[in-house]
Amino acid sequence: MGYTDQTRAMYREILDGLKEAGIYKEERYIHSPQAADIEVEFPEGSSLKKVINICANNYLGLSSHPEVIKAAHEGLDSHGYGMSSVRFICGTQDIHRKLEHMLTEFLGTEDTILFPSCLDANSGVFEAILTKDDVMISDRLVHASLIDGIRLCSAMHDTYKHSDMEHLESKLQLHSDRRLKLVITDGVFSMDGDTAKLDKMVELCEKYNAMLLVDDSHASGFIGKTGRGTHEKYNVMGKIDVITTTFGKGLGGASGGCVSGRKELVEMCRQKARPYLFSNTIAPPVVAGVIRVLEILSATTERRDKLEKNTIFWRENLQKAGFIIKEGDTPIVPIMLFNARLSQNFSRDLYDEGIYATGFFFPVVPQGQARIRTQISAGHELHHLEKALDAFTKVGKKYNILGKTKQEIIDMYGM
Ligand SMILES: *Cc1c(COP(=O)(O)O)cnc(C)c1O
């Protein structure tokens, strides 16, 4: 009754506005498991199309790995489907604690606590370990879930310019009188694929007596020479006070996340973090799957090595073809198109060529920085990447952007 025609019209107007602005998100339905080759229904009701997926977080190609699927089946048989409880009431199995121990070992920390997701880990961690006497100092480009967690925490909040170490230092000086100082960053930033300068950050945190929290969701399993994460790449393993990460990306892609770090901080989360206390425990088959993922990654670096090789091939050849990409060395490779509509048209044409890669534009990235974000996987074979490269080149030619400068592309298409 309260949902009147007027209310309906109000929402309709907002939703139509999103469509007109070209920022309405449409989903494509995948009928197959997640992998390099997928079968997609798009638009809704159309017949299935076989395409190469080049925009999943499936960095290590483990989302549908036979051994992980087998482990999940076995976990289902031995430990059941669901626990119908949060952890502290009656939702903790031996395998939950086993996985926490394995993550502690893998990440090189003191202890680990599982969360239903990394978004939940980030929502709960700050309020569990800080009070209004403390300060949180975050990079301006941190992930949305960290921003949510910061909002839910009573500590004071300040930011520093993206990866600007001088600015961070000035903020550490400014807030030197606070009881605790916590610096907050992503390990790998998801939109540009750049990494936080963790060596410098650890140095600054030691100098100013601050703690450091790193969200390594886009790094765990493959960044660093044995895939432990951004802290391994920068040689600061054991020096990060809090690492949060997800199992929903490189580590099998199902769901779940964790807070890993100093023993007392993890213990504080177990006592106080609300998403841990008030949301259901991770399902046993998923726990068994992540355990298998960590066993695979601890036994061999084969998959992260292959990912590295694939990434180098992809970055080098895109540049050779004349695209402007964001420099870096992570498997997140943004191809810059600057104009929002161009990024959408480009993505649609790629799809016609059998390549699934989504366009990103404002507000997901800053105005005038529209792009196609590609994400390389160890599940890609050379033939996948070659076919994708051909498609990108063909579409790039169509829009006449190959070998062009940023300014030339903007002159043709606008910001
Ligand atoms: C994906 C992501 C998350 C969310 O992880 P979920 O486990 O899917 O909730 C959190 N932080 C960062 C940096 C991410 O990229």
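Parameters and conventions
Residues numbered from 1 in each chain as written. Predicted model: local features only at pLDDT ≥ 70, side-chain atom pairs only at ≥ 80, totals over all residues. Heavy atoms only, no water. Helix = DSSP H or I, 4+ residues; strand = E, 2+ residues; numbered from the N terminus. Buried < 20%, exposed > 50% of the residue type's maximum accessible area, 1.4 Å probe, protein only. Near = heavy atom within 4 Å. Polar contact = N/O pair within 3.5 Å; in protein donor to acceptor, adjacent residues only side chain to side chain. Areas by Shrake-Rupley, 256 points an atom, 1.4 Å probe, with all protein chains shown as cover. 1 Å grid on protein atoms, 1.4 Å probe; cavity = no way out; pocket = protein on both sides within 12 Å on 5 of 7 lines; lining within 4 Å. Points joined across faces, edges and corners; volume = space filled by probe spheres on them. Nonpolar A, V, L, I, M, F, W, Y, C, P; charged D, E, K, R; others polar. Domains from an automatic or database assignment. Pairing = 2+ DSSP bridges. Contact = heavy atoms within 4.5 Å. Axes fitted to C-alpha atoms, helices over the stretch in contact; angles between N-to-C directions.

A.B. asks: Where do I start with unusual backbone geometry in this structure?
C.D. replies: Most peptide bonds take the trans form, and the phi angle of most residues other than glycine is negative. The peptide bond linking Phe 42 to Pro 43 adopts the cis configuration, its omega dihedral lying at -5 degrees. Locating Pro 43 in the fold gives a position in the loop between strand 2 (37–41) and strand 3 (49–53). Cis rather than trans, the peptide bond between Phe 362 and Pro 363 has omega equal to 10 degrees. Mapped onto the elements, Pro 363 comes out in the loop between strand 13 (359–360) and strand 14 (370–375). The backbone of Phe 338 shows a phi angle near 70 degrees, a positive value even though the residue is not glycine. Of the residues examined, Phe 338 reaches a relative accessible area of 5% and is grouped as buried. Phi is positive for Asn 400, close to 55 degrees, though the residue is something other than glycine. Note that Asn 400 resides in the loop between helix 15 (382–398) and helix 16 (406–413).

A.B. asks: What is the right way to read the site of the ligand from this model?
C.D. replies: Of all residues adjacent to the ligand, which total 13 residues, the nearest are Cys 118, Asp 215, His 218, Thr 246 and Lys 249. For the ligand, an oxygen atom lies 2.8 Å from a polar atom in the backbone of Cys 118. Computed on the free molecule, the ligand has an accessible area of 380 Å², of which 82% lies beneath the protein chains in the complex. Sort the elements by how many residues they give to the shell around the ligand and helix 5 (residues 118–129) lands first, with three residues.

A.B. asks: Even after reading the chapter, I still don't get the layout of surface pockets, so can you show me in this structure?
C.D. replies: Over the atoms rolls a probe the size of a water molecule, and in doing so it shows where empty space is left. Considered as a void within the structure, the largest pocket measures approximately 1,200 Å³ in volume. Of all the secondary structure elements, the ones that give two or more residues to the lining of the largest pocket are helix 1 (5–20), helix 14 (340–352), strand 13 and strand 14. Counting residues per element, the lining of the largest pocket draws most heavily on helix 14, which supplies five residues. When its residues are assigned to classes, the lining of the largest pocket shows 14 nonpolar, 14 polar and nine charged. Two domains each provide a minimum of three residues to the lining of the largest pocket, namely domain 1 (29–58 + 301–413) and domain 2 (66–299). Size it by volume and the second largest pocket reaches roughly 450 Å³. Around the second largest pocket, the lining is made up of 19 residues, and of these Leu 141, Val 142, Met 191, Val 364 and Val 365 lie nearest the centre. Looking at side-chain class alone, the lining of the second largest pocket contains eleven nonpolar, three polar and five charged residues. Each of domain 1 (29–58 + 301–413) and domain 2 (66–299) gives at least three residues to the lining of the second largest pocket.

A.B. asks: What am I meant to see in the sheet that holds strand 1 (residues 29–30) here?
C.D. replies: The strands that make up a sheet pair up through hydrogen bonds in the backbone, lying either parallel or antiparallel. Sheet architecture is open: four strands sit in the order 1-2-3-12, paired in mixed fashion. Each of the sheet's edge strands pairs with one partner strand only, and the pair in question is strand 1 and strand 12 (355–356). The pairing of strand 3 with strand 12 spans two bridges and is classified as parallel. Residue pairing for strand 12: Asn 53 is matched across the bridge by Tyr 356. The strands that helix 14 touches are strand 2, strand 3 and strand 12; relative to strand 3, the one it contacts most, it runs at about 120 degrees.

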